[in-house]
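# Residue-level structure breakdown
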Amino acid sequence: MKGIVFVELLSMAESVAGEGAVDEVLDSLSLESDGAYSSVGKYPCAELFQIVDAFSARLGQSQSDLKRAFGKWMHGRFLALYPEFFQDKSTAFDMLEGIENEVHVEVLKLYPDAELPSFETQREGNARLTMIYRSERPLGCFCMGLIEACLEHFGEKATIKVDDHSTQGGSHISFLIERQRD
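Criteria and cut-off values
- Residues numbered from 1 in each chain as written.
- Predicted model: local features only at pLDDT ≥ 70, side-chain atom pairs only at ≥ 80, totals over all residues.
- Heavy atoms only, no water.
- Patch = residues over 30% accessible without salt bridge, like charges linked within 9 Å, V, L, I, M, F, W, Y side chains within 5 Å.
- Areas by Shrake-Rupley, 256 points an atom, 1.4 Å probe, with all protein chains shown as cover.
- Salt bridge = Lys/Arg side-chain N within 4 Å of Asp/Glu carboxyl O.
- Lys, Arg positive; Asp, Glu negative; His and termini not counted.
- Charge placed at Lys NZ, Arg CZ, Asp CG, Glu CD.
- Helix = DSSP H or I, 4+ residues; strand = E, 2+ residues; numbered from the N terminus.
- Pairing = 2+ DSSP bridges.
- Axes fitted to C-alpha atoms, helices over the stretch in contact; angles between N-to-C directions.
- Contact = heavy atoms within 4.5 Å.
- Buried < 20%, exposed > 50% of the residue type's maximum accessible area, 1.4 Å probe, protein only.

### Here we look at a negative patch on the surface
A cluster of acidic residues, Glu14, Glu19, Asp23 and Asp27, forms a negative patch on the protein surface. With three residues, the single largest contributor to the negative patch is helix α2 (residues 19-28). Tracing the chain through its elements places Asp27 in helix α2.

### Description of the sheet that holds strand β4 (residues 171-179)
The strand order across the open sheet built from four strands is β1-β2-β4-β3, with neighbouring strands paired in antiparallel fashion. Single-partner strands in this sheet number two, and they are β1 (118-124) and β3 (158-164). Looking at each pair of strands side by side, their axes are set apart by 15° on average, direction ignored. Judged from the seven bridges that link them, β1 and strand β2 (residues 128-135) form a sheet pairing that is antiparallel. For Phe119, the partnering residue across the bridge sits in β2 and is Tyr133. Packed onto the sheet, helix α5 (residues 92-110) meets β1, β2 and β4 and runs at close to 145° relative to β1. Where helix α6 (residues 140-153) meets the sheet, its contacts fall on β1, β2, β3 and β4, and the angle it forms with β4 comes to roughly 20°.

### Observations concerning the side chain of Glu8
Looking at the secondary structure, you find Glu8 in helix α1 (residues 3-17). With relative accessibility at 7%, the residue Glu8 sits in the buried group. Leave out the neighbours within four places in its chain, and Glu8 touches Phe70, Trp73, Met74, Arg77 and Leu81.

Pasting the structure below:
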């Protein structure tokens with residue numbers, strides 16, 4: 001997994017719990033990387049889950065809620081670091097539809113070894129979008145946070161129905177996003 005994910009998780013944790021707490025948590029874990037990450041490095045995904053588990057316990061927050069909060073955090077970071085991805089998008093649906101064929105294409109140009117999830121989208125008019133997430137990593141809650149933050153960014157209200165078809169072999173989650181009428 002790309003190091004930027006680790007760097008940003010630790011930045012979020014530091015903003016919530018403080019630098020001392022981050023150091024204590026990292027020191028308490030047996031990590032192959034010793035908790036030293038660079039944004040361009042590549043690290044075992046298992047370390048990410050060890051860190052999430054430890055911060056979940058430290059903060060008294062469920063792992064699902066922490067992953068969801070991290071998804072929202074990452075949306076903000078993507079917006080700050082890569083504003084060009086958002087420039088020609090006028091709705092959340094436009095942005096979500098562009099992840100697989102626009103954003104991920106550009107990410108792979110920068111990081112050819114990145115192991116990205118796949119996203120299929122199917123729009124039904126202007127009110128409904130189905131987004132299917134597939135990955136070897138169980139990060140559906142993270143995706144939910146990204147979707148929620150995307151809707152907030154574009155000032156849209158929607159309900160999100162989650163249908164989880166995941167197996168031991170990986171994640172397969174369908175998000176049905178329905179815009180709410182004002």
